Amino acid sequence: MNAQAHQGPAIELKGIGKSFGPVVANKDIDLVVGKGSVHGIIGENGAGKSTLMSILYGFYTADTGEILISGKKAHIPDSKAAIESGIGMVHQHFMLVDTFSVVENIMLGAEGGAMLDKGIDDARKELKRLAEEYDMHVDPDAIVGELPVGLQQRVEILKALYRGADILILDEPTGVLTPAEADHLFRILDVLRNEGKTVLLITHKLREIMHITDTVSVMRRGEMVATRKTAETSMSELAELMVGRSVLLEVEKQPAKPGAPLLKVENLNVKDERGVMRVKNASLEVRAGEILGIAGVSGNGQSELLKAISGIEKAQTGKVTIGTHVIDLTGECDAAAMRDYGMSHVPEDRHKMGLVNAFSEAENSILGYHREPKYSKGLLLDKEFIRKEAMERIEKYDIRPPSTELKAAKFSGGNQQKIVLAREIERDPDVLIIGQPTRGVDIGAIEYIHKRIIEMRDAGKAVLLVSVELDEIRSLSDRIMVMFDGEIMGERGPEASEQELGLLMAGVKNTEAA
Amino acid sequence: MTKQGQLPRWVDYGLLPALNLIAAFIVSGLVVVVIGEDPFEAVKWIVYGALGYGEGVGFTLFYATNFIFTGLAVAVAFHAGLFNIGGEGQAYVGGLGIALACLALDAYMPWYVTMIFAVLGGALFGAAWAFIPAWLQAKRGSHIVITTIMFNFIASSLMVYLLANLLIPQGSMQPSTRNFDVGGQLPLLRNMWPTLDLGQSPVNLAFFIALVACVVVWLLIWRTKLGFEIRSFGANPTAAQYAGISPVRIIVVTMLISGALAGLMGMNEVMGSQSKLLLDFTAGYGFVGIAVALMGRGHPIGIILASMLFGLLYQGGAELAFEIPTISREMIVVIQALVILFAGALEHMFRPAVESFFAKISQTKQAEGAA
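Owing to the predicted nature of the structure, the values given are computational and were not obtained by experimental measurement. (Residues numbered from 1 in each chain as written. Chains lettered and ligands numbered in written order. Predicted model: local features only at pLDDT ≥ 70, side-chain atom pairs only at ≥ 80, totals over all residues. Heavy atoms only, no water.)

Moving on to the overall build of chain A. Within chain A, the regular secondary structure consists of 17 helices and 22 strands. Over its C-alpha atoms chain A spans a radius of gyration of 25 Å, differing by no more than 12% from the 24 Å that the globule rule assigns to 514 residues. Its C-alpha atoms put chain A at 75 × 50 × 50 Å along the principal axes. Counting the 514 residues in chain A, one finds 53% classified as buried. Long-range pairs, those at least 24 residues apart, make up 66% of the contacts in chain A with a sequence separation of at least 6. Summing over all exposed atoms, chain A offers an accessible surface of approximately 22400 Å²; the carbon and sulfur share of this is 50%. Counting 63 positive and 79 negative side-chain charges, chain A places the centres of these two groups 3 Å from one another. (Helix = DSSP H or I, 4+ residues; strand = E, 2+ residues; numbered from the N terminus. Rg over C-alpha atoms; globule rule 2.2 N^0.38 Å. Buried < 20%, exposed > 50% of the residue type's maximum accessible area, 1.4 Å probe, protein only. Contact = heavy atoms within 4.5 Å. Areas by Shrake-Rupley, 256 points an atom, 1.4 Å probe, with all protein chains shown as cover. Lys, Arg positive; Asp, Glu negative; His and termini not counted. Charge placed at Lys NZ, Arg CZ, Asp CG, Glu CD.)

Residue and element names in this part refer to chain A. Here the domain parsing of chain A yields domain 1 (2–243) and domain 2 (261–513). Across the contact, eleven residues belong to domain 1 and eleven residues belong to domain 2. Carbon and sulfur atoms supply 59% of the area that domain 1 and domain 2 bury against each other, a total of about 800 Å² over both sides. Linking domain 1 to domain 2 there are zero salt bridges. Inspection of the domain 1/domain 2 interface yields zero residue pairs in polar contact (both at pLDDT 80 or more). Residue composition of the side of domain 1 that touches domain 2, grouped by class: four nonpolar, four polar and three charged. (Domains from an automatic or database assignment. Buried area = accessible area lost by both parts, 1.4 Å probe. Salt bridge = Lys/Arg side-chain N within 4 Å of Asp/Glu carboxyl O. Polar contact = N/O pair within 3.5 Å; in protein donor to acceptor, adjacent residues only side chain to side chain. Nonpolar A, V, L, I, M, F, W, Y, C, P; charged D, E, K, R; others polar.)

Turning our eyes to something else, we now look at the side chain of aspartate 478 of chain A. All names here are of chain A. Relative to the assigned elements, aspartate 478 resides in the loop between helix H16 (470–476) and strand S21 (479–484). Overall, aspartate 478 belongs to the buried group, its relative accessible area being 16%. A distance of 2.8 Å separates a polar atom in the side chain of aspartate 478 from the backbone nitrogen of isoleucine 291. Looking at aspartate 478, its side chain comes within polar contact range of the side chain of arginine 457, at 2.8 Å. In this view, aspartate 478 contacts Lys253, Ala256, Gly289, Glu290, Ile291, Arg457 and Pro494; residues no more than four positions away in its chain are not counted.

Attention now moves to helix H4 (residues 87–105) of chain B. For H4 of chain B, with 19 residues, the first-to-last C-alpha span of 27 Å sits near the 27 Å given by 1.5 Å per residue. The buried fraction of H4 of chain B amounts to 16 of the 19 residues, a majority that puts the element mostly inside the structure. (Expected span 1.5 Å × (residues − 1).)

This paragraph deals with unusual backbone geometry. Between arginine 400 of chain A and proline 401 of chain A the backbone carries a cis peptide bond, its omega angle lying at -5°. Positive phi is not limited to glycine here, since arginine 297 of chain B has a value of about 55°. Residue arginine 297 of chain B is classed as buried on the basis of its relative accessible area of 18%.

The partner chain A presents 35 residues to the 25 residues of chain B that form the contact. Summing both sides of the interface, chain B and chain A together bury roughly 2600 Å²; the carbon and sulfur share of this comes to 60%. Contact with chain A buries surface across chain B, with Arg223, Phe228 and Tyr242 of chain B losing the most and accounting together for 31% of the total. At the junction of chain B and chain A, the tally comes to two salt bridges. Note that arginine 231 of chain B and glutamate 363 of chain A form a salt bridge whose closest N and O atoms lie 2.8 Å from each other. When contributions to the side of chain B that touches chain A are tallied by element, the ones reaching two or more residues are helix H8 (206–223), helix H9 (225–235), helix H10 (237–242) and helix H16 (351–370) of chain B.

This paragraph deals with the sheet that holds strand S12 (residues 277–287) of chain A. All names here are of chain A. On the basis of which strands lie adjacent, the open sheet formed by four strands has the order S12-S11-S14-S15 and antiparallel pairing. With one partner strand each, in any of the chains shown, S12 and strand S15 (325–328) form the two edges of the open sheet. Adjacent strand axes in the sheet meet at a mean angle of 15° when their direction is disregarded. Relative to S12, strand S11 (residues 261–271) runs antiparallel, the two being bridged by seven bridges. The residue bridging valine 270 from the neighbouring strand is valine 279, located in S12. Here helix H9 (residues 302–309) sits on the sheet in contact with S11, S12 and strand S14 (317–322), set at roughly 120° to S11. (Pairing = 2+ DSSP bridges. Axes fitted to C-alpha atoms, helices over the stretch in contact; angles between N-to-C directions.)

Another point: the packing of aromatic side chains. Residue and element names in this part refer to chain B. In the structure shown here, the tally under the stated rule is 22 aromatic pairs over all chains. A ring pair is formed by phenylalanine 207 and phenylalanine 208, whose centres lie 5.5 Å apart and whose planes are at 70°; its orientation type is edge-to-face. Note on phenylalanine 207: relative accessible area 9%, which makes it buried. With relative accessibility at 33%, the residue phenylalanine 208 sits in the partly exposed group. Among the aromatic residues, those joined into a cluster by ring pairs are Phe59, Phe62, Tyr63, Phe67, Tyr285, Phe310 and Tyr314. (Phe/Tyr/Trp six-rings, centres within 6.5 Å; stacked < 30°, edge-to-face > 60°.)

Residues and elements named next belong to chain A. Turning to its location among the elements, alanine 182 is positioned in helix H6 (residues 179–194). The exposure class assigned to alanine 182 is buried, which follows from its relative accessible area of 10%. Here the alpha-carbon distance between alanine 182 and glycine 150, two residues 32 residues apart in the chain, equals 8.0 Å. Ignoring any residue separated from it by four or fewer positions in sequence, one finds alanine 182 in contact with Thr174 and Leu177.

In structure tokens, the structure reads:
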């Protein structure tokens with residue numbers, strides 16, 4: 001609030017350090033964020049961006065260093081103090097009460113007094129003023145849960161502004177947005193900047209950084225490695241800074257030689273536990289030796305599609321054919337049977353699904369296949385054999401650190417994904433279904449994982465790839481389908497333009513409607 | 001950033017339980033001071049009563065046997081992420097199975113034959129009593145904590161009815177079965193090894209059955225496919241489902257095993273010591289099993305140690321109440337409750353502090369290594 005008088009930087013961090021046990025998340029970080037600018041912070045997952053922002057927002061306290069807000073030394077022990085210093089945060093996963101109206105959400109935590117009436121009136125007035133000032137209109141009485149994600153995010157931003165935020169932190173704001181919604185967000189950020197607000201944008205998407213920021217800082221392994229004026233840098237320089245070496249962004253591959261269909265899904269309808277249809281009449285076919293990519297903004301039924309096909313969750317209607325086996329998906333789920341028919345599944349979420357974090361690497365390497373006779377010796381599991389096989393895979397997939405006894409939780413994201421990948425690929429399945437193969441994985445591992453997926457294809461397997469990263473889908477797939485609101489919107493070749501796919505992802509079927 | 005598993009094993013399994021225990025004893029000591037007695041004197045009597053002479057040791061082992069069974073029962077369920085509060089009821093009904101085997105066979109068979117049927121009977125009845133809550137949890141989502149607690153009450157009423165109306169010998173005024181003959185009695189250790197000087201203590205062969213159960217549970221949980229599935233389901237149900245592990249099957253099978261282990265407690269009390277089925281013979285051992293399992297970190301070795309500790313408190317406490325009359329039976333229960341409170345409910349009290357302490361140490365070590 002007192003920032004008006006001050007002309008220097010909005011935020012200054014000096015020598016910030018933070019460790020979690022033996023893990024150093026932030027190391028001696030210096031950062032200067034100019035007032036009235038959009039400052040991007042970019043880095044791979046696990047580079048320490050979120051930790052740094054959590055320190056700024058009071059979720060964690062730094063072990064060392066100091067924070068200056070508008071030139072004044074600030075002590076931020078909790079998020080209340082952060083709000084008082086004029087910092088607002090828009091989280092990746094919105095902190096909204098779905099069943100409350102917009103105005104109720106805005107005033108949450110700032111109700112003012114025991115009775116609500118006055119608070120609601122004040123909030124409504126202020127909301128109207130903010131909407132006009134920043135050109136961010138939302139119906140104050142709409143129920144938040146019924147709004148599209150783009151608008152929910154706007155409510156989050158308004159909430160921060162309502163609390164008097166001069167500095168806005170946005171944590172991976174476009175992860176849940178369609179390209180069109182993301183563009184709209186950038187326009188809003190533009191307005192905020194013109195109004196003198198300071199924006200900190202956390203992302204791992206280079207394009208966004210180039211598009212909207214004034215200045216960009218790059219983090220790598222807990223350290224701030226560089227700060228550049230956006231106009232004076234390039235995507236390839238930033239990518240290099242992020243990983244510490246130059247990266248191959250394109251995937252090399254030969255044209256596909258598709259054979260007979262190995263995976264067929266017919267008339268799949270899936271309802272979630274709340275009775276909402278998440279997959280609507282989806283049918284698809286994947287042939288041997290090809291990769292079918294499914295693109296779409298996350299939350300449009302891809303997860304449910306994967307779970308139904310892999311036998312984890314029951315479907316309302318639909319059947320799947322693996323090779324010659326026809327499986328009715330409306331009966332009892334049986335992920336084990338799917339594996340027996342030759343399907344392997346690298347799940348979207350390795351923490352929740354693909355791994356048991358509390359288990360050792362070796363134990364995780366047999367998860368789902370532990371019933372196979374080769375892993376047993378009489379009544380007991382053959383620990384020696386399991387360890388030996390796990391060690392072979394560690395060497396083959398270059399999993400680091402090379403330990404079969406380390407708990408899965410202690411491996412980095414990329415290495416965890418390699419553990420899952422090794423387990424599923426080494427089965428030599430006919431059909432491989434993969435969800436978000438490189439989510440939260442560092443660029444070095446991404447290259448490796450992409451190469452293995454292409455290898456599976458070239459070995460004549462049918463690969464079904466689901467990813468929210470459009471670049472990934474476009475560079476790996478031989479055919480692309482787009483899902484929107486549970487429906488398969490259409491099929492395109494890998495040469496389809498980003499705009500074309502973007503429209504399908506936004507639910508626009510014919511181009512005239514755009 | 002995971003909290004668990006950052007500590008060295010000896011801290012997690014040794015130092016933390018010890019700290020909890022010390023805290024419990026300090027608070028207990030204060031209670032003793034408040035009523036005007038010398039806490040060190042009290043400690044002396046507890047230790048002497050439990051370990052100072054043969055009979056005391058025998059009683060300590062006898063109580064520990066009960067706790068091993070009920071502790072294992074809670075631990076097995078815990079590995080599947082299930083909180084089985086119904087050990088008390090399962091042990092009670094399991095006792096019925098044991099008693100029925102003894103009543104049927106004691107006149108015709110030697111004890112070692114009866115024992116086999118008693119073990120089967122106890123396990124079967126205990127498992128059966130755990131089956132209904134397990135089924136309700138697996139199929140209907142009824143919370144197992146609630147249902148197992150309620151089944152304790154149902155077990156209690158059922159046993160009163162059975163003992164007072166059906167199993168009571170004609171003409172008897174006491175709601176219990178008749179005494180078993182020798183064919184229905186486990187040998188007492190004091191008779192097996194007279195040289196051991198175990199006094200009149202009731203510690204019996206069931207102690208070794210409990211130790212065997214520990215080995216079986218260890219093998220089951222850490223060395224078999226079923227154990228792998230149980231632990232997968234407990235640590236991450238979503239991953240278990242992804243791996244094709246049926247939640248219904250795991251919940252039901254785990255609870256059957258858990259109930260069976262609780263049911264075996266009667267081997268010690270019914271067949272080992274009292275030679276008849278008595279009203280309320282479980283006397284809360286089922287509940288203490290929860291604290292034993294927590295303190296023992298769900299591992300059979302830990303459970304044996306925790307059981308010994310609680311056995312010591314039970315026996316030493318009785319001695320203390322006898323020697324210092326101002327410290328009544330109720331006071332002893334308070335001390336035991338404090339141990340349960342600190343070891344069980346407040347288990348995570350010291351953890352954050354100890355964790356940050358060891359994090360600092362390892363940091364300095366790394367810094368030194370780098371320098």
